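Structure assessment
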Amino acid sequence: MGTRASNSLPYPPHELASRVCCLDQWDDPLEAYEQLGAQTRDAILGLLPAGWAFEGKRVLDFGCGAGRTLRHFLREAEQADVWGCDLDASSVSWLLEHLSPPLQAIRNQAEPPLGLDYGTFDLIWALSVFTHLTDNSLPWLAELHSLLKPGGLLVATYMGRWNGEVFTHEPWDDDRIGMNVLRRDQGWDAGGPTVLMSDWWVRAHWGRAFEIVETLPEMHGQTWVLLKKRDVAISAEELERPSDDPREWIALQHNVRQVERDRELALGEVRGYYEGSLSWRVTRPLRELARRAQKRRKFP
(Lines give C-alpha, C1' and ligand atoms only; values in the text may rest on other atoms or scores of the structure.)
Protein backbone atom coordinates (compact mmCIF):
# COMPACT_ATOMS: atom_id res chain seq x y z
CA MET A 1 0.00 0.00 0.00
CA GLY A 2 1.06 3.53 -0.62
CA THR A 3 2.06 6.25 1.78
CA ARG A 4 -0.70 7.40 4.08
CA ALA A 5 -2.45 10.40 2.58
CA SER A 6 -3.43 11.94 5.92
CA ASN A 7 -0.73 10.73 8.30
CA SER A 8 -0.60 14.17 9.89
CA LEU A 9 -4.06 13.52 11.35
CA PRO A 10 -4.63 11.45 14.49
CA TYR A 11 -6.06 7.96 14.15
CA PRO A 12 -8.80 6.56 16.38
CA PRO A 13 -7.91 3.81 18.85
CA HIS A 14 -7.87 0.31 17.39
CA GLU A 15 -11.23 -0.72 18.84
CA LEU A 16 -12.95 2.21 17.11
CA ALA A 17 -11.03 1.86 13.86
CA SER A 18 -12.00 -1.84 13.67
CA ARG A 19 -15.71 -1.42 14.36
CA VAL A 20 -16.74 -1.39 10.70
CA CYS A 21 -14.04 -3.66 9.29
CA CYS A 22 -11.67 -5.74 11.40
CA LEU A 23 -8.11 -4.55 10.80
CA ASP A 24 -6.29 -7.40 12.55
CA GLN A 25 -5.67 -9.28 9.29
CA TRP A 26 -3.41 -6.51 7.95
CA ASP A 27 0.27 -6.12 8.83
CA ASP A 28 -0.26 -2.37 9.16
CA PRO A 29 -3.80 -1.74 10.49
CA LEU A 30 -3.52 2.04 10.26
CA GLU A 31 -2.37 1.85 6.65
CA ALA A 32 -5.36 -0.41 5.93
CA TYR A 33 -7.68 2.05 7.68
CA GLU A 34 -6.26 4.85 5.58
CA GLN A 35 -6.55 2.99 2.30
CA LEU A 36 -10.06 1.69 2.93
CA GLY A 37 -11.24 5.23 3.59
CA ALA A 38 -9.49 6.51 0.47
CA GLN A 39 -11.09 3.78 -1.65
CA THR A 40 -14.49 4.70 -0.30
CA ARG A 41 -13.93 8.37 -1.14
CA ASP A 42 -12.95 7.44 -4.71
CA ALA A 43 -16.06 5.28 -5.10
CA ILE A 44 -18.35 8.09 -3.90
CA LEU A 45 -16.74 10.63 -6.22
CA GLY A 46 -16.90 8.15 -9.09
CA LEU A 47 -20.66 7.84 -8.72
CA LEU A 48 -21.41 11.56 -8.54
CA PRO A 49 -22.62 13.23 -11.76
CA ALA A 50 -20.07 14.99 -13.92
CA GLY A 51 -19.59 18.56 -12.76
CA TRP A 52 -21.03 17.99 -9.27
CA ALA A 53 -19.09 20.21 -6.85
CA PHE A 54 -18.97 20.40 -3.05
CA GLU A 55 -18.74 24.17 -2.80
CA GLY A 56 -21.72 25.53 -0.86
CA LYS A 57 -23.24 22.06 -0.46
CA ARG A 58 -24.49 20.28 2.66
CA VAL A 59 -23.31 16.66 3.01
CA LEU A 60 -24.00 13.84 5.48
CA ASP A 61 -22.15 10.58 6.16
CA PHE A 62 -24.91 8.42 7.67
CA GLY A 63 -23.12 5.83 9.82
CA CYS A 64 -19.78 7.63 9.85
CA GLY A 65 -18.10 5.73 12.70
CA ALA A 66 -14.97 7.52 13.82
CA GLY A 67 -14.58 9.15 10.41
CA ARG A 68 -12.75 6.57 8.31
CA THR A 69 -14.29 8.05 5.15
CA LEU A 70 -14.89 11.60 6.38
CA ARG A 71 -11.19 12.16 7.16
CA HIS A 72 -10.67 12.12 3.39
CA PHE A 73 -13.18 14.96 2.88
CA LEU A 74 -11.55 17.55 5.15
CA ARG A 75 -10.58 19.73 2.20
CA GLU A 76 -14.18 19.70 0.94
CA ALA A 77 -15.36 20.50 4.48
CA GLU A 78 -13.58 23.85 4.22
CA GLN A 79 -16.06 24.91 1.51
CA ALA A 80 -19.06 22.69 2.31
CA ASP A 81 -21.12 21.90 5.41
CA VAL A 82 -20.01 18.29 6.06
CA TRP A 83 -21.72 16.21 8.74
CA GLY A 84 -21.44 12.72 10.15
CA CYS A 85 -23.73 10.73 12.41
CA ASP A 86 -23.44 7.37 14.10
CA LEU A 87 -25.12 5.24 16.74
CA ASP A 88 -21.84 4.62 18.59
CA ALA A 89 -21.24 7.36 21.14
CA SER A 90 -17.49 6.68 21.49
CA SER A 91 -16.92 7.03 17.75
CA VAL A 92 -18.82 10.31 17.54
CA SER A 93 -17.01 11.69 20.60
CA TRP A 94 -13.62 10.83 19.10
CA LEU A 95 -14.52 12.44 15.77
CA LEU A 96 -15.72 15.63 17.45
CA GLU A 97 -12.58 15.85 19.56
CA HIS A 98 -10.07 15.24 16.77
CA LEU A 99 -11.62 16.18 13.39
CA SER A 100 -14.02 18.97 14.29
CA PRO A 101 -13.75 21.54 12.95
CA PRO A 102 -14.07 21.37 10.00
CA LEU A 103 -16.35 18.32 10.35
CA GLN A 104 -19.56 18.30 12.35
CA ALA A 105 -21.08 15.19 13.91
CA ILE A 106 -23.98 14.04 16.05
CA ARG A 107 -24.98 10.78 17.65
CA ASN A 108 -28.20 9.34 16.29
CA GLN A 109 -30.59 6.99 18.06
CA ALA A 110 -31.58 3.56 16.77
CA GLU A 111 -34.81 4.96 15.31
CA PRO A 112 -35.47 8.14 13.32
CA PRO A 113 -35.77 11.08 13.31
CA LEU A 114 -32.17 12.19 13.09
CA GLY A 115 -32.87 15.70 14.41
CA LEU A 116 -31.41 17.69 11.51
CA ASP A 117 -33.46 20.02 9.31
CA TYR A 118 -35.42 18.39 6.51
CA GLY A 119 -34.81 19.39 2.91
CA THR A 120 -31.34 20.81 3.60
CA PHE A 121 -28.85 18.18 2.36
CA ASP A 122 -27.49 17.95 -1.18
CA LEU A 123 -25.71 14.62 -0.72
CA ILE A 124 -25.92 11.76 1.77
CA TRP A 125 -24.02 8.50 1.74
CA ALA A 126 -24.88 5.41 3.77
CA LEU A 127 -22.20 2.75 3.37
CA SER A 128 -22.47 -0.66 5.06
CA VAL A 129 -25.52 0.61 6.95
CA PHE A 130 -28.58 -0.87 5.23
CA THR A 131 -26.61 -4.12 5.23
CA HIS A 132 -27.46 -4.42 8.95
CA LEU A 133 -30.74 -2.53 9.50
CA THR A 134 -33.86 -4.65 9.98
CA ASP A 135 -37.22 -3.24 11.12
CA ASN A 136 -35.82 0.30 11.08
CA SER A 137 -34.36 0.02 7.57
CA LEU A 138 -37.22 1.58 5.61
CA PRO A 139 -38.02 4.18 8.30
CA TRP A 140 -34.40 5.34 7.98
CA LEU A 141 -34.61 5.35 4.18
CA ALA A 142 -37.71 7.54 4.43
CA GLU A 143 -35.84 9.82 6.88
CA LEU A 144 -32.91 10.26 4.50
CA HIS A 145 -35.38 11.04 1.72
CA SER A 146 -36.84 13.79 3.91
CA LEU A 147 -33.42 15.21 4.79
CA LEU A 148 -32.47 15.67 1.13
CA LYS A 149 -33.27 18.72 -0.93
CA PRO A 150 -35.39 18.25 -4.06
CA GLY A 151 -33.21 16.31 -6.48
CA GLY A 152 -30.70 15.52 -3.74
CA LEU A 153 -28.44 12.49 -4.06
CA LEU A 154 -28.01 9.39 -1.91
CA VAL A 155 -25.16 6.92 -2.30
CA ALA A 156 -26.02 3.66 -0.55
CA THR A 157 -24.76 0.09 -0.46
CA TYR A 158 -26.46 -3.25 0.10
CA MET A 159 -25.36 -6.88 0.28
CA GLY A 160 -26.70 -9.62 -1.95
CA ARG A 161 -25.49 -11.44 -4.99
CA TRP A 162 -21.80 -10.74 -4.40
CA ASN A 163 -21.56 -12.33 -0.96
CA GLY A 164 -24.94 -13.90 -0.20
CA GLU A 165 -23.58 -17.45 -0.33
CA VAL A 166 -21.13 -16.62 2.47
CA PHE A 167 -24.05 -16.00 4.83
CA THR A 168 -26.66 -18.44 3.52
CA HIS A 169 -24.41 -21.40 2.59
CA GLU A 170 -26.54 -21.94 -0.51
CA PRO A 171 -26.31 -20.83 -4.15
CA TRP A 172 -27.51 -17.28 -4.69
CA ASP A 173 -30.95 -17.16 -6.33
CA ASP A 174 -32.16 -13.63 -7.00
CA ASP A 175 -35.76 -14.81 -7.36
CA ARG A 176 -36.06 -16.02 -3.77
CA ILE A 177 -34.35 -13.07 -2.07
CA GLY A 178 -36.20 -9.83 -1.38
CA MET A 179 -35.02 -8.14 1.79
CA ASN A 180 -34.01 -11.24 3.74
CA VAL A 181 -32.88 -10.84 7.34
CA LEU A 182 -30.49 -13.27 9.03
CA ARG A 183 -29.08 -13.32 12.58
CA ARG A 184 -31.58 -10.69 13.67
CA ASP A 185 -30.55 -10.92 17.34
CA GLN A 186 -26.79 -10.94 16.76
CA GLY A 187 -25.13 -8.23 18.86
CA TRP A 188 -23.28 -5.32 17.29
CA ASP A 189 -20.00 -6.51 18.81
CA ALA A 190 -20.37 -9.58 16.59
CA GLY A 191 -21.34 -7.55 13.52
CA GLY A 192 -25.06 -7.14 14.08
CA PRO A 193 -27.82 -8.60 11.89
CA THR A 194 -27.13 -9.53 8.28
CA VAL A 195 -29.51 -8.16 5.65
CA LEU A 196 -29.47 -9.36 2.05
CA MET A 197 -31.28 -7.56 -0.77
CA SER A 198 -31.86 -8.48 -4.37
CA ASP A 199 -31.57 -5.94 -7.15
CA TRP A 200 -35.23 -6.33 -8.15
CA TRP A 201 -36.39 -5.71 -4.55
CA VAL A 202 -34.30 -2.53 -4.28
CA ARG A 203 -35.76 -1.25 -7.55
CA ALA A 204 -39.31 -2.10 -6.42
CA HIS A 205 -39.11 -0.57 -2.92
CA TRP A 206 -36.31 1.99 -2.81
CA GLY A 207 -37.42 3.04 -6.29
CA ARG A 208 -40.63 4.47 -4.83
CA ALA A 209 -38.63 7.20 -3.12
CA PHE A 210 -35.59 7.46 -5.40
CA GLU A 211 -34.63 7.24 -9.02
CA ILE A 212 -31.79 4.77 -9.42
CA VAL A 213 -29.28 6.78 -11.45
CA GLU A 214 -26.28 4.47 -11.53
CA THR A 215 -25.06 1.20 -10.07
CA LEU A 216 -21.51 0.20 -9.22
CA PRO A 217 -21.83 -3.59 -9.37
CA GLU A 218 -19.38 -4.59 -6.64
CA MET A 219 -16.94 -3.10 -4.17
CA HIS A 220 -15.96 -4.71 -0.88
CA GLY A 221 -18.62 -7.35 -1.53
CA GLN A 222 -21.49 -4.86 -1.79
CA THR A 223 -23.56 -3.26 -4.53
CA TRP A 224 -23.30 0.54 -4.66
CA VAL A 225 -26.13 2.69 -6.02
CA LEU A 226 -26.49 6.38 -6.76
CA LEU A 227 -30.06 7.46 -6.02
CA LYS A 228 -31.80 10.74 -6.82
CA LYS A 229 -34.65 11.92 -4.62
CA ARG A 230 -38.06 11.70 -6.25
CA ASP A 231 -40.39 14.64 -5.66
CA VAL A 232 -42.86 12.57 -3.64
CA ALA A 233 -44.04 12.42 -0.07
CA ILE A 234 -43.25 8.89 1.10
CA SER A 235 -43.63 6.98 4.35
CA ALA A 236 -41.94 3.86 5.66
CA GLU A 237 -45.26 2.01 5.36
CA GLU A 238 -45.51 2.92 1.67
CA LEU A 239 -41.93 1.79 1.09
CA GLU A 240 -42.62 -1.52 2.82
CA ARG A 241 -45.87 -2.38 1.00
CA PRO A 242 -45.34 -5.54 -1.11
CA SER A 243 -45.46 -5.10 -4.86
CA ASP A 244 -47.45 -7.35 -7.19
CA ASP A 245 -44.29 -9.29 -8.02
CA PRO A 246 -44.82 -12.94 -6.93
CA ARG A 247 -41.19 -13.02 -5.84
CA GLU A 248 -42.21 -10.95 -2.80
CA TRP A 249 -43.95 -13.98 -1.26
CA ILE A 250 -41.37 -16.47 -2.47
CA ALA A 251 -38.66 -14.40 -0.75
CA LEU A 252 -40.69 -14.15 2.45
CA GLN A 253 -41.24 -17.91 2.58
CA HIS A 254 -37.58 -18.56 1.86
CA ASN A 255 -36.49 -16.12 4.58
CA VAL A 256 -38.56 -18.11 7.10
CA ARG A 257 -36.68 -21.26 6.10
CA GLN A 258 -33.36 -19.41 6.33
CA VAL A 259 -34.17 -18.17 9.84
CA GLU A 260 -35.16 -21.67 10.96
CA ARG A 261 -31.90 -23.07 9.60
CA ASP A 262 -29.92 -20.30 11.27
CA ARG A 263 -31.57 -21.10 14.60
CA GLU A 264 -30.78 -24.81 14.26
CA LEU A 265 -27.14 -24.04 13.45
CA ALA A 266 -26.88 -21.63 16.40
CA LEU A 267 -28.36 -24.19 18.81
CA GLY A 268 -25.96 -26.80 17.48
CA GLU A 269 -23.00 -24.51 18.07
CA VAL A 270 -24.12 -23.76 21.64
CA ARG A 271 -24.76 -27.43 22.36
CA GLY A 272 -21.38 -28.40 20.91
CA TYR A 273 -19.64 -25.72 22.97
CA TYR A 274 -21.12 -26.86 26.26
CA GLU A 275 -20.80 -30.59 25.57
CA GLY A 276 -17.16 -30.12 24.70
CA SER A 277 -16.33 -27.94 27.68
CA LEU A 278 -14.41 -29.11 30.76
CA SER A 279 -17.28 -28.24 33.10
CA TRP A 280 -19.70 -30.31 31.04
CA ARG A 281 -17.40 -33.34 31.16
CA VAL A 282 -16.66 -32.98 34.87
CA THR A 283 -20.32 -32.75 35.83
CA ARG A 284 -21.43 -35.64 33.61
CA PRO A 285 -21.58 -38.14 36.54
CA LEU A 286 -23.76 -35.74 38.54
CA ARG A 287 -26.16 -35.34 35.62
CA GLU A 288 -26.33 -39.12 35.24
CA LEU A 289 -27.18 -39.57 38.94
CA ALA A 290 -29.87 -36.90 38.66
CA ARG A 291 -31.32 -38.62 35.60
CA ARG A 292 -31.47 -41.99 37.39
CA ALA A 293 -33.05 -40.44 40.49
CA GLN A 294 -35.70 -38.79 38.37
CA LYS A 295 -36.36 -42.10 36.62
CA ARG A 296 -36.81 -43.91 39.99
CA ARG A 297 -39.32 -41.26 41.12
CA LYS A 298 -41.36 -41.80 37.97
CA PHE A 299 -41.23 -45.61 38.17
CA PRO A 300 -41.09 -46.75 41.83
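Definitions and limits used
Note that residues are indexed from 1 along each chain, following the sequence as it is written. With the structure being a predicted model, the display of local features is reserved for residues of pLDDT at least 70 and the display and counting of side-chain atom pairs for 80 or more, all residues being used for whole-chain, interface and lining totals. No hydrogens and no water enter the side-chain calculation; it runs on all heavy atoms of the structure. Numbered from the N terminus, helices here are DSSP runs of H or I no shorter than four residues, and strands are runs of E no shorter than two. Only protein chains enter the accessibility calculation, which uses a 1.4 Å probe. A residue is then buried if its area is under 20% of the maximum for its type, exposed if over 50%, and partly exposed in between. Any two residues having at least one pair of non-hydrogen atoms within 4.5 Å are treated as being in contact. Calculation of accessible area relied on Shrake-Rupley with a 1.4 Å probe; when residues are assessed, cover is drawn exclusively from the protein chains displayed. Geometry of aromatic contacts follows a simple scheme: Phe, Tyr and Trp rings, the Trp one being its six-membered ring, pair when their centres are within 6.5 Å, and the pair is stacked under 30 degrees between planes, edge-to-face over 60, tilted otherwise. Sitting over a ring, as applied to charges here, requires NZ of Lys or CZ of Arg to be within 6 Å of the ring centre and within 35 degrees of the ring normal.

Attention now goes to the overall build of the protein. Counting secondary structure elements, the protein contains 11 helices and nine strands. A burial count over the protein gives 46% of its 300 residues as buried. Sequence separation of 24 or more characterises 68% of the internal contacts of the protein that already satisfy a separation of 6 or more. Surface exposure of the protein reaches about 15,900 Å², of which carbon and sulfur atoms provide 52%.

Further remarks concern the packing of aromatic side chains. Applying the stated criterion across every chain yields a total of seven aromatic pairs. For the ring pair Tyr-11 and Tyr-33, a centre distance of 6.1 Å and an interplane angle of 75° mean the geometry is edge-to-face. On the criterion of sequence distance, the pair formed by Tyr-11 in the segment before α1 (14-17) and Tyr-33 in helix α2 (residues 29-47) is long-range, its members being 22 residues apart. Here the aromatic rings of Trp-52 and Phe-54 are separated by 5.0 Å at their centres, their planes lie at 90°, and the arrangement is edge-to-face. Connected via pairs of aromatic rings, a cluster forms that spans Trp-52, Phe-54, Phe-73 and Trp-125. In this structure, Lys-57 packs its charged tip against the face of Trp-52, placed 4.9 Å from the ring centre. In this structure, Arg-71 packs its charged tip against the face of Tyr-11, placed 4.3 Å from the ring centre.

This next bit is on unusual backbone geometry. Cis rather than trans, the peptide bond between Pro-101 and Pro-102 has omega equal to 15°. Inspection of the secondary structure puts Pro-102 in the loop between α4 (89-99) and β3 (104-107). Here the residue pair Pro-112 and Pro-113 is connected by a cis peptide bond, since its omega of 15° sits within 30 degrees of zero. Mapped onto the secondary structure, Pro-113 falls in the loop between β3 and β4 (121-126). A positive phi angle, near 55°, is found at Ser-128, a position not held by glycine. Assignment of secondary structure puts Ser-128 in the loop between β4 and α5 (137-147).

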